[in-house]
Amino acid sequence: NVDSVAQNHPGEYFRSLAGRLGEPVIRSATKHAMRILGEQFVLGRTIESAIKRGRGWKAHGGVQPLFSFDMLGEGARTQADALRYHQKYLDAIASVSMKRQGGAVESVDGVSIKLTALHPRYLAVKEAQVMEQLYPRVLEQARAARKADIGFNLDAEESDRLVMQLKIFERLAREPGLADWGGLGIVIQAYQKRARFVLDKLVELGRDCGRRFQVRLVKGAYWDTEIKLAQMNGQADFPVWTTKPATDLNYLACARVMLAAPDAIYAQFATHNAHTLCAVREIARELGARGYEFQRLHGMGEPLYAAAAEVHEDLGPVRVYAPVGSHEDLLPYLVRRLLENGANTSFVHAFLDKGVPAEDVAKSPFDAAQTLDRHPFIPIPPKLYGPQRPNSAGIDLTQKAVQERLARAQDAFDACAPYDCSPLVSGEALSGGGAVLQSSPVRDSFVVSRLREATSQDVGQAYEAARAAQPAWDALGGAARAALLRKMADALEREVDRLLALMVRETGKTLSDGIAEVREAVDFLRYYAVEAETKFGDAVRLPGPAGETNHLALSGRGVFVCISPWNFPLAIFTGQLAAALAAGNTVLAKPAEQSPLIAFEAVKLYQKVGLPVDVLHLLPGDGAIGAALTRLAHVDGVAFTGSTTVARVINRTLAAREGSIVPLIAETGGLNAMFVDTSALHEQVIDDAILSAFGSAGQRCSALRVLLIPEETADHMIAGLKGAMDVLELGDPCNPAVDVGPVIDAQAHKMLCEHVDRMASEATVLHRAPLDEVLAAQGRFFAPALVEISSLDQISEEKFGPVLHVLRYKRAELGQVARRLAAKGYGLTLGVHTRLDRFAREVCELVPAGNRYVNRNITGAVVGVQPFGGEGLSGTGPKAGGPHYIYRFASERTMTINVAAGGGDPELLNLG
């Protein structure tokens, strides 16, 4: 049965159809289907065609409909994008002006604009830059709309941009050249909990300025993104209502505010919901309000308003929000509309389903008011991981008060530098010997600490103390150890401001990276606290034959050496020792020689909350200390994160020892790649590539090193990457607006310079991000580089810094290229950008990797903060309920040794 196959197995049906008809026919049919869908949801490819098509319509009652034209485009990634969208808006305003109907501004067509389309970095932390560059563009558009006396609406977007939008709107409202114009408008989202308060402020602003604004009330289109971002970012609660009844009720509360202030607000109610439409009319009748309008999306809501017009002769104008644009900008918008139409709970779906009773279609939100406060299946961010494991608390850098608080903490830290730093053995800071001055990568002249390095004698003393303390620590039990780990987590959250200031100076971390790092450390502690309770409790009796009892119990192995890197000086340091401590081991911790102070302060903090002083010892120093630790005759295991070369040395050292074989748990970096196909969404690829390659100055083991792009779209993609690099801000990472800080030290800087010089002769250096000469002279800043290679043979090892290599490939050669990448022997992370499951499966099968990120480009909304994760993988390690930094790789080069291949938690099995 062809219909049955097509309905139940569409993938199989279309593959079979393609085989019978041929690819050209299928492509043609698909393009035709896209055109049909496009016409359903997009009024025209150009503003002229959209106006012509719209003016040919007759609305309910034979009246020509009104339109608010929206030029498609989800957001700029480059200044060229922003200028192109700016011109599109100006052209749209000019075209609407030329075809303006007669009458007041409320009774003619208007335009809607997206602020994200007018600046590539439209972020609250970049307010000064946005106001300098974006505002003049908006003002030019508003003046053009004022001259034509048409409506001009600022569309709403994600909640973290609301304050910025309101600031821009207020500046426009107070512009003398825009006075006495009733066309200035703004969109308010009723699913936002702040909506009513925003409306109160708009009413106050309108009355203060002596003008009336056009205010479009919508329910909101980014609900899924808002929910996920709030959970990921560790917010205290959601910025939006989590239930549909709550949003519907808030919409009505907002409608009442709007209708009660006709002097300040011309109300525009965008809805496709029958109950909402009728309720708004009732509120207006109760308040005696007149002069408002309803709105609907082009392609949606027509049957509702046709029915409403039959019932209510005085329905009034219904404006159509009409997207305009070409197929290049269509898909993200189109999928969003299809998702809204197809949702089983949506009013539109129910309205068109003849099996749904009319009373259910128009059901009142008051009937479901008992679910107003909380959705039963969506945990609030602090409870994301259940009652035993609170989510780590985030910090919102978009808030001015937060920025000012962190600035004060930075000033206080800087004023007391340099700090003394030394080994901590049995709780005592060891003195004596010479001091090594540690300079900041941000400014060579700024000395962060005076380090007294550990000696071989310190190593021996710490080991003996740790070995003696281990039995009692192990006997304490998992529950008691868990309680201490949780105290440590709480202490980190209390000290977050100082820890951020410390990392900014010692390792050059940006504030956003520092926040993620502290949160990751907290997550590790709480994750392993749960593991300690559940896996290291009382022995479990196993089934067995009569007369025999068998029990299973886990205990600590003994003394573990934990060697952590400088790029995650708190998170990986904490993750390693938290796992070891949870399992009942005592720890000798050696931080990277570039970042001893953060480890020193962390260990002091842990001991302050009650961790026994002989359980954890800090031994800072260079590689000689690491070698001394791994050569200890009776050490019971090593956890290491760092270079593959050093991991091999440690492996050989442990293998050469006499006695029992001990586990080495090692994570090293690699040539992490991302495959992109022709179906991938351009903007999302750029977002993820820029973040992964240049975030943390490219100093993550998981950072993107090689971007593989199809020949057909390579030029367009490379142009976008160049433009996105041009708007990256390099500078002092204590500034929230800075995107990229320095590389860690002079050696790293020299290595990167030599690599780029070699690429200039052996490949092609396409672009460098702008770097101020004064900034470069005072610190270890390195301008992010984009390099095009012709073969993977041109790179053989990871270059730890902000260098992104791009390689063009032919679709027919995908398998060959992927196998060549896999042959490099690295398997840390893999990225895939596509809309095709088949492409994603093919790449994942060809390139083995421990952590895979597949973006199928469905909704056009990027919600990942760290697409490729990080060492400890904030968002993909313990936050996903899995192992904290150990991956199960197929590659020998990753140095994952003695790790269980199946389920469970390999690091705990090794450590226990």
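Look above for the structure.
Residues numbered from 1 in each chain as written. Predicted model: local features only at pLDDT ≥ 70, side-chain atom pairs only at ≥ 80, totals over all residues. Heavy atoms only, no water.

So, the pairing of strand β6 (residues 265-270)
Most of β6 is tucked away, with 6 of its 6 residues classed as buried. Alternating positions in β6 separate into two faces, I265, A267 and F269 on one and Y266, Q268 and A270 on the other, with burial throughout. Pairing of strand β5 (residues 213-218) with β6 involves 5 bridges; the strand directions are parallel. Within the sheet, the bridge partner assigned to R216 lies in β6 and is Q268. Pairing of β6 with strand β7 (residues 293-297), which is carried by 3 bridges, proceeds in the parallel orientation. Along β7, the bridge assignment pairs A270 with Q295. As a crossover connection, the stretch from β6 through helix α11 (residues 274-287) into β7 is right-handed. (Buried < 20%, exposed > 50% of the residue type's maximum accessible area, 1.4 Å probe, protein only. Helix = DSSP H or I, 4+ residues; strand = E, 2+ residues; numbered from the N terminus. Pairing = 2+ DSSP bridges. Right-handed = clockwise from strand over helix to strand, strands pointing away.)

Some remarks on the environment of T586
Here T586 shows up in strand β17 (residues 586-590). Taking relative accessible area as the criterion, T586 reaches 0% and is therefore assigned buried. Between the C-alpha atom of T586 and that of V559, which follows or precedes it by 27 residues, the distance is 5.0 Å. Leaving out residues up to four positions away in the same chain, T586 has contacts with A466, R467, A469, Q470, W473, G558, V559, F560, D614 and V615. A distance of 3.0 Å separates a polar atom in the side chain of T586 from the backbone oxygen of A466. (Contact = heavy atoms within 4.5 Å. Polar contact = N/O pair within 3.5 Å; in protein donor to acceptor, adjacent residues only side chain to side chain.)

Remarks on the sheet that holds strand β9 (residues 419-421)
Pairing between the strands of a sheet comes from backbone hydrogen bonds, and it takes one of two forms, parallel or antiparallel. Strands sit in the order β9-β13-β12 across an open sheet of 3 strands; the sheet is mixed. In this open sheet, the two strands that pair with only one neighbour each are β9 and β12 (436-439). Averaged over neighbouring strand pairs, the angle between their axes works out to 30 degrees when direction is ignored. Contacting β9, β12 and β13 (447-451), helix α22 (residues 596-608) crosses the sheet at an angle of about 80 degrees to β9. (Axes fitted to C-alpha atoms, helices over the stretch in contact; angles between N-to-C directions.)

As for the sheet that holds β7
Spatial strand order, β1-β2-β3-β4-β5-β6-β7-β8: 8 strands in a closed barrel with parallel pairing. If you compare each strand with its neighbour and ignore which way they point, the axes differ by 30 degrees on average. Lying over the sheet, helix α6 (residues 127-148) contacts β2 (110-113) and β3 (151-154), oriented at roughly 155 degrees with respect to β3. Contacting β5 and β6, helix α10 (residues 244-259) runs over the sheet at an angle of about 155 degrees to β6.

Description of helix α29 (residues 814-822)
Listing the buried residues of α29 in full gives L814, G815, V817, A818 and L821. One face of α29 carries all of its buried residues, which in axial projection span an arc of 165 degrees. Those residues of α29 that are buried are in contact with β21 (673-676), β22 (706-710), β25 (803-809) and α30 (837-846). (Arc of directions from axis to C-beta.)

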